[in-house]
Amino acid sequence: MKICDYLREGNFSLSFEFFPPKDQKGKEQLERTLERLVRYRPNFVSVTYGAGGSTRERTVETVGWIKERFGLTVMPHLTCVAHDEGEVLELLRLYERMGVENVLALRGDRPKDNPKEGFCRYAVDLVRLIKREFGDRFCVGVACYPEGHQEAKSLEEDVEHLKEKLEAGAEFAITQMFFDNEYFFRFRDLLAKKGIEAPILVGVMPITNFKQIKKFADLCGATIPLDLARKLSEVQDKPEEVFKVGVEYAIRQCEELLDHGVDGFHFYTLNRPEATEAIIEALRDKIFSVRK
Ligand SMILES: Cc1cc2nc3c(=O)[nH]c(=O)nc-3n(C[C@H](O)[C@H](O)[C@H](O)COP(=O)(O)OP(=O)(O)OC[C@H]3O[C@@H](n4cnc5c(N)ncnc54)[C@H](O)[C@@H]3O)c2cc1C
C-alpha cells in the first residue's frame, strides 16, 4: 500500500521505526517487538539505513523479512550521501522488485571514514532522482525539523528547503524527535504560512534511557525541557523510574498533539516494544477514534 494514498484521504497514520539488527539475537528481539506491536495495525513500519551504506545489506534483508513474516507495509530509509547515482538506482530497483512502494528519502550525514563525493548534496537531489527514474512507482517521504536542522541558518530557511523537497515530489514528512510541543506548533504555523499542506507525521521518541537520549538530543539538536531533564536526572540510576518518567511525559505530549489534530505518530521504537505499547495503551481510545 502506498502511504501517500492513505494520507491523501486525511487519515491519521500510526507507524513504527526499527533499525536493522546486527545479529541473530537482535533479529529475535526485533521479532518479539513486532509480534507485540502488530496488533495496533500500523499503517507502515520503517527500517533505517546507515549513511554511506553501512547497513545496506542488513536494511534490505530486514525490509524483506518484515514484509514476508508480518505482511506489513515496509518503508526503507535511504540516504544519498557518499553514494553515486548507480548505487542508489540499483537499490531502488531491488526494492521495486521486492514490491516496496514507499521510500523515506534522506541526505544523511557524511560518515567520517567515507569521503566519497556522491551525486547528492541534499535530500532534494535524491527525491528528484527517484521521481525522474521511477515516476510515481514510489511514494516518497522526507525528514523535517520542528526546531530547525542543525546546519540551517534559520528555521525559516530550513522550511524553504523542506518545501523544495515537497515540490520535487515528496508527499509527506516525518519530524525529528522533539520534547516540547511548542516547537511543533510554531513549526506547523510556519508551514501553513508558506502554503505547505503535506501531511506531517510526528516522530515520537519515548525517553527510556537518560544518558542515551541526551546523546541523541545533542546530535540532532532537540531541546530537552528543563523540568523534564531535572526529573530524569534525579532518577537516572534507576532504569524503571526513568522509564516511568519518560513514558508519562510522552503520553502527555502525545495527548496534547492528538488534541491539536496531528496527522500521525511515527514511533522511534529502538526495536523495543514496551514504551510504544504503554503510550498507545494509555491513549488507545483517542488514537483509535481518529484512525480509519
Ligand atoms: C524521520 C527521520 C529519519 C531519519 N532516518 C535516518 C536514517 O535512516 N539514516 C541516517 O543516516 N540518518 C537518518 N536521519 C537523519 C538525517 O539523515 C540527518 O538529519 C541529516 O543531517 C539530514 O538529512 P535530510 O534528509 O533532512 O537532509 P536535507 O533535507 O538535505 O537537509 C540537510 C540540511 O541542508 C539544508 N539544505 C537543504 N537543501 C538545501 C539547499 N538547496 N541549499 C542549502 N541548504 C540546503 C537543510 O536546511 C538542512 O540544514 C533521519 C532523520 C529523520 C528526521
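Residues numbered from 1 in each chain as written. Predicted model: local features only at pLDDT ≥ 70, side-chain atom pairs only at ≥ 80, totals over all residues.

A. Fine view of the overall build of the protein. Broken down by element type, the protein carries 12 helices and 8 strands. On C-alpha atoms alone, the protein measures out to a radius of gyration of 18 Å, which is about the 19 Å that the 2.2 N^0.38 rule sets for 292 residues. Referenced to the eigenvectors of the C-alpha coordinate spread, the extents of the protein come out at roughly 50 × 45 × 45 Å. Burial statistics for the protein: of 292 residues in total, 45% are counted as buried. (Helix = DSSP H or I, 4+ residues; strand = E, 2+ residues; numbered from the N terminus. Rg over C-alpha atoms; globule rule 2.2 N^0.38 Å. Buried ≥ 20, exposed ≤ 12 C-beta atoms within 10 Å, placed from the backbone.)

B. Seen up close, the sheet that holds strand β7 (residues 200–204). Taken together, 8 strands build a closed barrel; the order of strands is β1-β2-β3-β4-β5-β6-β7-β8 and the barrel is parallel. Geometrically, the sheet is characterised by an average inter-axis angle of 25 degrees between neighbouring strands, direction not taken into account. Here 4 bridges tie strand β5 (residues 139–144) to strand β6 (residues 172–175), and the two strands are oriented parallel to one another. Directly across from V142, in β6, lies its bridge partner A173. Each of β2 (44–47) and β3 (74–79) is contacted by helix α3 (residues 56–70), which is oriented at about 170 degrees to β3, the strand it contacts most. (Pairing = 2+ DSSP bridges. Axes fitted to C-alpha atoms, helices over the stretch in contact; angles between N-to-C directions. Contact = placed C-beta atoms within 7 Å.)

C. Looking closely at the site of the ligand. Around the ligand sit 22 residues, and of these T48, H77, Y122, A123 and A143 come closest. Listed by contribution, the elements that provide at least two residues to the shell around the ligand are β3, α5 (123–134) and α6 (155–167). Here the shell around the ligand takes 3 residues from α6, the largest share from any one element. Class assignment for the residues of the shell around the ligand results in 9 nonpolar, 8 polar and 5 charged. (Near = placed C-beta within 6 Å. Nonpolar A, V, L, I, M, F, W, Y, C, P; charged D, E, K, R; others polar.)

D. Local environment of the packing of helix α4 (residues 85–98) against α5. Close contact between α4 and α5 brings their axes to 11 Å; oriented N to C, the two are set at 60 degrees. Taken together, the axes of α4 and α5 lie oblique to each other. The crossing of α4 and α5 is right-handed. Contacts between α4 and α5 involve E85, V88, L89 and L92 on the former and, on the latter, L126, L129, I130, E133 and F134. Partitioning the contact of α4 with α5 into residue classes produces 7 nonpolar, no polar and 2 charged. (Parallel < 35°, antiparallel > 145°, perpendicular 65-115°, else oblique. Left-handed = near helix turned anticlockwise from the far one by under 90°.)

E. Summary view of helix α7 (residues 181–193). Compared with the 18 Å implied by 1.5 Å per residue over 13 residues, the 18 Å span of α7 between its first and last C-alpha is a close match. Here α7 has its buried residues at F184, F187 and L191. The arc that holds every buried residue of α7, seen down its axis, measures 65 degrees, which confines them to one face. Exposed residues pointing more than 90 degrees away from the buried face of α7 are listed as E182, D189, A192 and K193. (Expected span 1.5 Å × (residues − 1). Arc of directions from axis to C-beta.)

F. Representation of unusual backbone geometry. Phi is positive for R41, which is not a glycine, with a value near 45 degrees. Relative to the helices and strands, R41 is located in the loop between α2 (24–37) and β2. A residue is classified by how many C-beta atoms lie within 10 Å of it, and R41, with 10 of them, is exposed. Positive phi is not limited to glycine here, since L270 has a value of about 50 degrees.

G. Representation of the pairing of β3 within the structure. Across the 6 residues of β3, 6 count as buried, placing the element largely inside the fold. Both faces of β3 are covered, namely the face carrying V74, P76 and L78 and the face carrying M75, H77 and T79. Of the pairings in the sheet, the one linking β2 to β3 comprises 3 bridges and is parallel in character. Counted as the bridge partner of V47 is P76 from β3. In terms of handedness, the path from β2 via α3 over to β3 forms a crossover that is right-handed. With 3 bridges connecting them, β3 and strand β4 (residues 102–106) associate as parallel partners. Across the sheet, residue T79 finds its bridge partner in β4, namely L106. For the handedness criterion, the β-α-β arrangement of β3, α4 and β4 is classed as right-handed. (Right-handed = clockwise from strand over helix to strand, strands pointing away.)

Shape is all these values report; function is a separate question.
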